[in-house]
Amino acid sequence: MSEIWNWQTAADVFWKLTKVVPVTLEATFLGFALAAVLGLVWALMRRSRFRPVSLLAYWMIEFVRSTPLLVQLLFLYLALPRFPVFVIGVTGLGLHYSAYLAEVYRGGIEAVPQGQWEAARALNFSPFKTWTRIILPQAVRPIIPVMGNYLIVLFKETPLLFTINVVEMMSVAKKFGSHTFQYTEAYTIVGVLFFLMSYPSSLLVRWAERRMALKQ
Amino acid sequence: MALPKVLSLREHDSEDSERRTRIGQKTKDDKTQESPETTPIVRYRGVKKSFGDVEVLKGIDLDMMPGEKVAVIGPSGSGKTTLARLLMTLERPSAGIIEVEGEPLYHKRVGARLVPADERHIARMRSKIGMVFQHFNLFPHRTILQNVTEAPIHVKKMPRLEAEEKAREMLEKVGLIEHIDKYPEQLSGGQKQRVAIARALVMEPKIMLFDEPTSALDPELVGEVLAVIKEIAEKGDMAMMLITHEMQFAREVADRVLFTDGGNIVEQGTPEEIFEHPKSERLQAFLARFLGGVGGGGQ
Ligand SMILES: Nc1ncnc2c1ncn2[C@@H]1O[C@H](COP(=O)(O)OP(=O)(O)OP(=O)(O)O)[C@@H](O)[C@H]1O
Ligand SMILES: [Mg+2]
């Protein structure tokens, strides 16, 4: 087995890898859902007039953004030995990206004109209804493309889960390589699969961006 | 400053007796000695407002009677908007008391003392007041109909169908019934402001505040909005505070005109007194600049 590229091997590994694509996608969407919820929580906590709450969110965001995802994953893995690795992986991804999404939400919220808050107040909306009916719907719409970009970034980071023994594309490729010594095909196909999934998604995001820009 | 004269009673002289008894009960609860006819619906007492070191309202005393239409005129920066925003609870006074229907807006009576009120009290008081903004502040993500039904449904907990019926009625009144499924961005400025008026009216406030409702509009659209406000003023028994630069409009609609300058109410009186016989030099100068500049009355 000395040739650089073998099409048969490539086809074999391709089929092997497609079987774990669902794992990667699940980790991506669950992680992103968690990030979207937590990010909103941080963003709202940041705005709290109660200092300890806003400070807690501030340090949470800063800490998470200032440390590598890989280190965070390994830390959670060691700190939570009883949890399934998939759950730890999703938590790590969600937590990490929640810090970035918090900033995105913040931008979206701040872009809602002051007059909207005042109209809501003049009509006697409760704080909860003001957020859910007036502010958030307007804050989220323009940031949807940015959120989409983060979704793609998060997706491309899922191979890191292999470091905590989640069986996803990267670990399957590595195992395949160590059995067959055909690492080139294995890792190349991983790349191809990622490209096949993220490129159309990024086109979608760009389309959404253009639509938003037109709406302005 | 002289206490405002109790004038313009002609409006509520003809009012139904039901309202009087309501006010009568209120006064009894409040242990004030005034007769129902003289109980103001809004009362400012020594109201001051500072932003940082700048005092923009310097001790306002003002009474508005139920149903009274009060126009507020005055140069830019004189505190007109702030006056209204304090009543709408968009801004808190730095000092003084504001009362609505004899009840303090930002305070609660505990025995004889006044203590700062909680948000629940303020929310209850706020429901008596509505406001129309210079820049409309419509909800861009909701249709015209939804803009008007949003508060009845989500604040008053009114059933959707009932809210929609009332909203249609209001939108009919302001002449926009054929636009109810459009979004605000599809409307002209004048139409937007009429939606904003319907949105405030549907909550049935007892006091409506208009902060320069036409000054963000193209000149050709001013008339349609003023006509709507005028109609509401003539039909409704709401008290209205009309901040405006449309002098002709103020003259036609207002029972009383206030002239503010430098954070004070410098002069007040009937439209005739203010526009025909201004006393203070500052008002004379203001009117000369204003009416002279734009050729007499509304722009
Ligand atoms: N939130 C704020 N922070 C600081 N200063 C403010 C604020 N709101 C108003 N002011 C100042 O208070 C003064 C009175 O403002 P206000 O808006 O009440 O005047 P106005 O009579 O409505 O003027 P205009 O005719 O231009 O609308 C102005 O000097 C203004 O700059
Ligand atoms: Mg103003």
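An unreviewed UniProt entry annotates chain B as Amino acid ABC transporter, ATP-binding protein originating from Candidatus Carbonibacillus altaicus. As its UniProt record puts it under Subcellular location (unreviewed entry), chain B is described as follows: "Cell membrane".

In the annotation of an unreviewed UniProt entry, the entry for chain A reads Amino acid ABC transporter, permease protein, and the organism field reads Candidatus Carbonibacillus altaicus. Quoted verbatim from the Subcellular location (unreviewed entry) heading of the UniProt record, the comment on chain A is "Cell membrane".

Some words on the overall build of chain B
When you go through chain B residue by residue, the secondary structure sums to 11 helices and 12 strands. Taking contacts inside chain B between residues at least 6 apart in sequence as the whole, the part at least 24 apart equals 64%.

Quick look at the confidence of the model for chain B
Close inspection of predicted coordinates is inappropriate for parts of the model with low pLDDT. Residue and element names in this part refer to chain B. Mean pLDDT for chain B: 87, with 85% of residues reaching 70 or above. Mean pLDDT across the elements of chain B ranges from a minimum in helix 2 (residues 17-30), with 39, to a maximum in strand 8 (residues 129-132), with 98. Note on residues 1-34: pLDDT under 50 across the span, and 48 contacts to partners over four residues away in sequence or across chains. The low-confidence segment residues 294-299 (pLDDT under 50) makes 10 contacts with residues lying over four places distant or belonging to another chain. Overall fold confidence (pTM) sits at 0.86, and the ipTM for the predicted complex is 0.84.

Examining the pattern of salt bridges
Residues and elements named next belong to chain B. Counted under the stated rule, the structure contains 23 salt bridges over all chains. Its salt-bridge partner being Arg 124, residue Glu 103 comes within 2.7 Å of it at the nearest N-O pair. Pair noted here: Glu 103 is in strand 5 (residues 103-104) and Arg 124 is in helix 4 (residues 119-126), with a separation of 21 residues, a long-range link. With a shortest N-O distance of 3.9 Å, Glu 204 and Lys 156 are connected by a salt bridge. Taken together, the residues span a long stretch of sequence, with Glu 204 in the loop between helix 7 (189-201) and strand 9 (207-211) and Lys 156 in the loop between helix 5 (144-154) and helix 6 (160-173) at a distance of 48 residues.

A closer look at the pairing of strand 10 (residues 239-243) of chain B
Residue and element names in this part refer to chain B. Judged by how many residues are buried, strand 10 sits mostly within the fold: 5 of 5 residues are covered. Side chains Ala 239, Met 241 and Ile 243 of strand 10 all project onto a buried face; the interleaved residues Met 240 and Leu 242 project onto the opposite face, where all are buried too. One ladder, built from 4 bridges, connects strand 3 (residues 69-73) with strand 10; its direction is parallel. Of the residues in strand 10, the one forming a bridge with Ala 71 is Leu 242. Taken together, strand 9, helix 8 (residues 219-235) and strand 10 constitute a β-α-β crossover, and its handedness is right-handed.

Observations regarding the side chain of Asn137(B)
Relative to the assigned elements, Asn137(B) resides in the loop between strand 8 and helix 5. Of note is the side chain of Asn137(B), whose polar atom sits 3.2 Å from the backbone oxygen of Gly115(A). Excluding anything up to four places from it in sequence, Asn137(B) contacts Gly115(A), Gln116(A), Ala119(A) and Arg199(B).

Some words on the site of ligand 1
Residue and element names in this part refer to chain B. Near ligand 1, the surroundings consist of Phe 51, Val 56, Pro 75, Ser 76, Gly 77, Ser 78, Gly 79, Lys 80, Thr 81, Thr 82, Glu 212 and His 245. Interatomic distance of 2.8 Å between a backbone N/O atom of Gly 77 and an oxygen atom of ligand 1. Contact distances for ligand 1 include 3.2 Å between an oxygen atom and a backbone N or O atom of Ser 78. Ranked by residues supplied to the shell around ligand 1, first place goes to helix 3 (residues 80-87) with 3 residues. Broken down by class, the residue content of the shell around ligand 1 amounts to 3 nonpolar, 7 polar and 2 charged.

Structural notes on the sheet that holds strand 2 (residues 54-64) of chain B
Residues and elements named next belong to chain B. The strand order across the open sheet formed by 4 strands is 2-1-4-5, and the pairing between neighbours is antiparallel. In this open sheet, the two strands that pair with only one neighbour each are strand 2 and strand 5. Bridge count between strand 4 (residues 95-100) and strand 5: 2 bridges; the pairing is antiparallel. Following the sheet pairing, Glu 99 is matched in strand 5 by Pro 104. Sitting on the sheet, helix 3 is in contact with strand 1 (42-51), strand 2 and strand 4, with an inclination near 115° to strand 1.

Examining the nonpolar core
Within the largest apolar cluster, 84 residues are counted, with the highest numbers of intra-cluster contacts made by Tyr44(B), Leu87(B), Leu171(B), Ile197(B), Ile207(B), Leu209(B) and Met241(B). Counting residues per element, this core draws most heavily on helix 8 of chain B, at 8 residues. In contact with Leu87(B), not counting residues within four places along its chain, are Val42(B), Tyr44(B), Ile98(B), Val100(B), Leu105(B), Ile129(B), Ile207(B), Leu209(B) and Met241(B). Membership of the second largest hydrophobic core comes to 21 residues, among which are Leu69(A), Leu76(A), Val104(A) and Ile164(A).

Examining the environment of His277(B)
All names here are of chain B. The topology assignment puts His 277 in the loop between helix 10 (271-276) and helix 11 (281-294). His 277 sits 177 residues away from Val 100 along the chain, and the two C-alpha atoms are 31 Å apart. Apart from residues no more than four positions distant in its own chain, His 277 is found in contact with Glu 267 and Glu 272.

Re the confidence of the model for chain A
Of all residues in chain A, 98% attain a pLDDT of 70 or more, and the chain-wide mean is 93. Between the elements of chain A, mean pLDDT differs from a low of 89, seen in helix 9 (residues 183-215) of chain A, to a high of 98, seen in helix 5 (residues 114-122) of chain A.

Describing the sheet that holds strand 8 of chain B
Residues and elements named next belong to chain B. The 6 strands are arranged 8-9-10-3-11-12 in an open sheet whose pairing can be described as mixed. Strand pairing shows two members of the sheet lacking a second neighbour, strand 8 and strand 12 (264-269), which therefore form its edges. Going from strand to strand, the sheet's axes swing by 20° on average, the running direction of each strand aside. Bridge count for strand 9 against strand 10 is 5 bridges, and the pairing is parallel. By the bridge assignment, Ile 207 is partnered in strand 10 with Ala 239. Of the strands in this sheet, strand 3, strand 8, strand 9, strand 10 and strand 11 (256-261) touch helix 3, which is tilted by about 150° from strand 10.

Some words on helix 1 (residues 7-46) of chain A
The largest bend along helix 1 of chain A reaches roughly 40° and is located at Lys19(A), with the proline Pro22(A) sitting one to four residues downstream. Here helix 1 of chain A starts with a cap whose side-chain oxygen sits 2.7 Å from the backbone nitrogen of Gln8(A), and that cap is Asn6(A).

Criteria and cut-off values
Residues numbered from 1 in each chain as written. Chains lettered and ligands numbered in written order. Predicted model: local features only at pLDDT ≥ 70, side-chain atom pairs only at ≥ 80, totals over all residues. Heavy atoms only, no water. UniProt positions renumbered as here; feature names shortened; annotations may be inferred. Helix = DSSP H or I, 4+ residues; strand = E, 2+ residues; numbered from the N terminus. Contact = heavy atoms within 4.5 Å. pLDDT = per-residue confidence, 0-100. Salt bridge = Lys/Arg side-chain N within 4 Å of Asp/Glu carboxyl O. Buried < 20%, exposed > 50% of the residue type's maximum accessible area, 1.4 Å probe, protein only. Pairing = 2+ DSSP bridges. Right-handed = clockwise from strand over helix to strand, strands pointing away. Polar contact = N/O pair within 3.5 Å; in protein donor to acceptor, adjacent residues only side chain to side chain. Near = heavy atom within 4 Å. Nonpolar A, V, L, I, M, F, W, Y, C, P; charged D, E, K, R; others polar. Axes fitted to C-alpha atoms, helices over the stretch in contact; angles between N-to-C directions. Core = buried A, V, L, I, M, F, W, Y, C linked by side-chain atoms within 4.5 Å. Bend = angle between axes of the 7 residues up to and from the residue.

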